[in-house]
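# Commentary on secondary and tertiary structure
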Amino acid sequence: MLLNPVISKLSGKLVVLASASPRRLEILSNAGLRFEVVPSWFKETLDKSLFKSPYDYAVETAKQKALEVAHRMPFKHLKSPDVVIGADTVVTVDGLILEKPTDKQDAYHMLSRLSGKEHSVFTGVAIVLCHDKSGSDTDYKVVDFYEETKVKFAELSEEMLWEYINSGEPMDKAGGYGIQALGGMLVEYVKGDFLNVVGFPLNHFCKQLGLIFNSPPESPAHKVKRESDEAWSLVNSLSEGAANGEVELLENGKDVSQSSMQEQIVIGPECSRQDIPHSIVSLLDGFKASKTLFTASKLKVFDVLNSSNSLTLEEVAGQINASVLGTERLLEAAVSLGLLERVKQQNTSVYRNTEQASRFLVSESPESLNGYILHCNDMVWPLFSHLENAVREGTSQHERAFGKKNEDVFQDAYYSKDEVKIRFMDAMHSIARVTGKDVATAFDLSPYKTACDIGGDFFKDDLPKADLYILARILHDWSDEKLDVLLSKLSKMCTPGCGLLVSEILLDEERKSPSRALLQALSMTEGKQRSPTEYSDLLQKHGFTLKHINHTDNLLDAMLFVKEDPNDRRTLLGCSSASIETAELE
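Everything quoted here is computed from the prediction, not taken from an experiment. (Residues numbered from 1 in each chain as written. Predicted model: local features only at pLDDT ≥ 70, side-chain atom pairs only at ≥ 80, totals over all residues. Heavy atoms only, no water.)

Below, the discussion takes up the overall build of the chain. The secondary structure content of the chain amounts to 22 helices and 18 strands. Across the chain, the fraction of contacts at a sequence separation of at least 24, relative to all contacts at a separation of at least 6, is 69%. Counting only carbon and sulfur atoms, one obtains 51% of the accessible surface of the chain, whose full area is about 28500 Å². (Helix = DSSP H or I, 4+ residues; strand = E, 2+ residues; numbered from the N terminus. Contact = heavy atoms within 4.5 Å. Areas by Shrake-Rupley, 256 points an atom, 1.4 Å probe, with all protein chains shown as cover.)

Quick look at the structure:
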């Protein structure tokens, strides 16, 4: 296997794929690469008119995706990656970049444009090599390239076009087709790397890895030195001359002379970096970081700082009614985690919220997670302090944590006291505020005129009639027996064509990631986390067929199911396993 020579050199390194694409995950996994998946939060809003060619745009987008993850992980995930891989695939015809179709009519126009023509598929790939230096400095060395594959569509009849469009597969795919599934029927020939069309040019990637890990220190690459926000802004300017692996060495926006090349990072057999298990060390301190966030939120530190442009240590301590020493250590810890900023003003230091804290941690912010953070502190943290017993017994630890059985805690904590009840509702709304827009816009829901968001005592209460039912963060929480009751009730209410929007954290098919879902399962509720296939199997038993999947890169993913007509089994999707194959997104 081509990748084998560099596998040993990646051993012990934290390799991260900055993409939620299941196809890229599958391609790299099959090649024997071991890695984690951390989807990038970079919004693909680059102005295409500023790029000379489509591949320049794809390369720059891939680079921004990878760098965003490399920058975020030490703060958000509390671990520093060694290698981050970013990729972006675009379809072009007649010099036009085809986006993902917005609706069926848009998909029709795209596929009609491709019909009978040869078009290009470009995938830009960025490999970011991260090197921690003394203090908080990090060097980012970026190697990028692109791959082009020519694809020719057959002449497509109107009937074939609409049959394919109505399968649902074109939606949320660049160019409106997926070559690895039903879209393969539309293709007359492929010139070049087939996997590049699927979403990742494995052959070219392997060659680049070989060059990186077997080249001398002076091998060309971008270099971005993370010293401040000003230095980080350089990332956006490092796009020129990056096509097809032809890159230049930059430091702080200036050319680095040949005489200074020996100062660059050396990765490979000559690397002097100590073999420190950084990921394990990060886990050792992870609980301290969580409790720092919880405590700062509980004491309203972010709210206090939001009310003023900046405050001194003594001013913060006075407003949160805490000791100066304790407040100082809390604020310093929050600064180290990227939650606060400390700046010099005249002869003293003042503290203020970071942009991210202002957006997500201030209680009155429209996107505030404050309610959910307080819920984690008050309800989830005590449960996890008894995790050893939970694992031994396989049961929830409510009785040990709160002195009451699970059902008693639920009643006492959530229903008896209005204040606690409101806090629990606020915790759930916190997640909805952050995820709601991405989930609601994940699919074209315009065919549905009425919708019902399932809540309350849905096992006992009657359900109203609607065209679309929404199950947000419900299915993972209940046993199969109780889900049969709920889904049977829903199935009876739904007529053929009725939609079911499911919003959950979707596990990959090997149940290895995302870790957030698997960690949540340790609370030992009677339910379980599931992969798309498992959710599809669950819903298929009650007459719902999976149509679309959207990995939103937010806290929750989305799946759209449609109620089958029991008298009409003619469908392109077929059984649930085929549904996953055709509904999966790139």
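Mapping L445 onto the fold places it in the loop between α18 (418-440) and β14 (451-453). Excluding residues within four positions of it along the chain, L445 makes contact with A440, L468, L501 and L560.

The interhelical angle for the contact between helix α11 (residues 313-320) and helix α12 (residues 324-336), taken along N-to-C directions, is 110 degrees, at an axis separation of 9 Å. Judged on the interaxial angle alone, α12 and α11 are roughly perpendicular. On α12, the residues touching L313, V316, A317 and I320 of α11 are V324, T327, E328 and L331. Within the contact of α11 with α12, the residues separate by chemical class into six nonpolar, one polar and one charged. (Axes fitted to C-alpha atoms, helices over the stretch in contact; angles between N-to-C directions. Parallel < 35°, antiparallel > 145°, perpendicular 65-115°, else oblique. Nonpolar A, V, L, I, M, F, W, Y, C, P; charged D, E, K, R; others polar.)

Right, let's talk about α12 for a bit. Under the 1.5 Å per step criterion, the end-to-end length of α12 is 18 Å for 13 residues, consistent within 8% with the ideal 18 Å. T327, L330, L331 and A334 are the residues of α12 that are buried. Along α12, the residues classed as buried sweep out an arc of 95 degrees about the axis, all on the same side. Counted as exposed and oriented over 90 degrees from the buried face of α12: L325, R329 and S336. Taken together, the buried residues of α12 touch α9 (278-298), α10 (301-306), α11, β12 (340-345) and β13 (348-353). You can read the cap of α12 off the contacts: a side-chain oxygen lies 3.0 Å from the backbone nitrogen of G326, and it is on S323. (Expected span 1.5 Å × (residues − 1). Buried < 20%, exposed > 50% of the residue type's maximum accessible area, 1.4 Å probe, protein only. Arc of directions from axis to C-beta. Polar contact = N/O pair within 3.5 Å; in protein donor to acceptor, adjacent residues only side chain to side chain.)

Along the chain, C130 turns up in strand β5 (residues 118-132). According to the relative accessible area criterion, C130 is buried, its value standing at 5%. Along the backbone, C130 and D82 are 48 residues apart, and their C-alpha atoms lie at a distance of 5.0 Å.

It is worth spelling out the environment of L330 at this point. Tracing the backbone shows L330 in helix α12. Spatially, the C-alpha atoms of L330 and L293 are 9.3 Å apart, while their sequence positions differ by 37 residues. Leave out the neighbours within four places in its chain, and L330 touches T292, T295, A296, L299 and V301.

The next thing to look at is the sheet that holds β13. If you trace the three strands from one edge of the open sheet to the other, you get β11-β13-β12, paired in antiparallel fashion. What marks the edges here is a single partner per strand, and that holds for β11 (311-312) and β12. Pairing of β11 with β13, which is carried by two bridges, proceeds in the antiparallel orientation. By the bridge assignment for β13, L311 is matched with Y351. In this fold α12 packs onto β12 and β13, with an angle of close to 110 degrees to the strand it touches most, β12. (Pairing = 2+ DSSP bridges.)

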